[in-house]
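# Remarks on the overall topology
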Amino acid sequence: MPSIAHPTLPKAKIEKIPVREPVRVRRPSRDEALDAVKTLIRWAGDDPEREGLIGTPDRVVRSYEEFFSGYEEDPVALLQRTFEETDGYDEIVMLKDIRFESHCEHHIAPIIGKVHIAYLPSNRVIGISKLARLVEVYAKRLQIQEKMTAQIANTLDEVLQPKGVAVVIEAAHQCMTTRGVHKPGVSMVTSRMLGVFRTNPLTRREVLSMIGTPGGGSGEHV
Ligand SMILES: [Zn+2]
């Protein structure tokens, strides 16, 4: 593969979304959360005290702990623990098809899809498991796909300071498939390109061809 580094190109001026978004809310007690689930069961039209539903509030609250565990993790700290020297490696590093499950912040309905991450290192690389963990940190929050795409790219850009970062996400939104317009089989593709992937058309084309045609793959959509 030919060298595609263009270190003299200026970084494109783009608006910066802060990587750390401190969320400061008063968390309710566990009992308050259980009561809230009972309220929603009554809102659905059923009796939270009947036998089949008696354990449901507890299960839902525990599911929420798992679905939204990303608020407890600091993505920057996560990446900072694992710098490695590159020994001059200066080609694209890519992790494809990172499956994720998230929840849309408008309906709290699942978003299921995959993330492709590429970067062109300048002097540091990171273990691939950390890239997958980074996806998890942002997926396990209430999300919109566009924001998640930008957060992953911006965090990598800030911490690794590579020559370029590309993040592409393709996902199906259950708020579209199971309610509202009821359109199954539709996937949304979002991307964020930084550094040389943004400023250099050749480099951008190379990374996009490495990712392949989003949506044209195995079609494992919900
Ligand atoms: Zn939604």
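Before reading further, recall that the structure is shown in the block above.
In what follows, the accompanying structure is described. (Residues numbered from 1 in each chain as written. Predicted model: local features only at pLDDT ≥ 70, side-chain atom pairs only at ≥ 80, totals over all residues. Heavy atoms only, no water.)

## Details of the overall build of the chain
Within the chain, the secondary structure is distributed over eight helices and seven strands. Every one of the 222 residues in the chain was classed for burial, and the buried ones make up 42%. Entry remark: accessible area of the chain is about 12300 Å², with carbon and sulfur atoms responsible for 54%. (Helix = DSSP H or I, 4+ residues; strand = E, 2+ residues; numbered from the N terminus. Buried < 20%, exposed > 50% of the residue type's maximum accessible area, 1.4 Å probe, protein only. Areas by Shrake-Rupley, 256 points an atom, 1.4 Å probe, with all protein chains shown as cover.)

## Let's talk about the coordination of the zinc ion
Protein coordination at the zinc ion comes from C104 (SG), H107 (ND1) and C175 (SG), with a distance range of 2.2 to 2.3 Å. Each donor residue of the zinc ion lies on the same chain, and together they follow the pattern C-x2-H-x67-C. (Donors = N, O, S within 2.8 Å, 3.2 Å for Na, K, Ca; no water.)

## Things to note about the environment of T155
Locating T155 in the fold gives a position in helix α5 (residues 145-160). Note on T155: relative accessible area 0%, which makes it buried. Measuring from C-alpha to C-alpha, the distance between T155 and V76 comes to 6.6 Å, with 79 residues separating the pair along the chain. A distance of 2.8 Å separates polar atoms of two side chains, one belonging to T155 and the other to Y138. (Polar contact = N/O pair within 3.5 Å; in protein donor to acceptor, adjacent residues only side chain to side chain.)

## Thoughts on the pairing of strand β3 (residues 110-120)
β3 sits mainly inside the fold: ten of its eleven residues count as buried. The sheet contact formed by strand β2 (residues 93-104) and β3 spans nine bridges and is antiparallel. The partner of H103 across the bridge, within β3, is P110. Counted along the chain from β2 to the antiparallel partner β3, the turn is five residues long, and its residue I108 has a positive phi close to 50 degrees. When β3 meets strand β6 (residues 164-173), the two strands line up antiparallel, connected through ten bridges. If you follow I111 over to β6, its bridge partner there is H173. (Pairing = 2+ DSSP bridges.)

## Let's talk about unusual backbone geometry
In this model, I108 sits at a positive phi of 50 degrees, which is unusual for a non-glycine residue. Here I108 is to be found in the loop between β2 and β3. Notably, Q161 is not glycine yet its phi reads approximately 45 degrees, a positive angle. Inspection of the secondary structure puts Q161 in the loop between α5 and β6.

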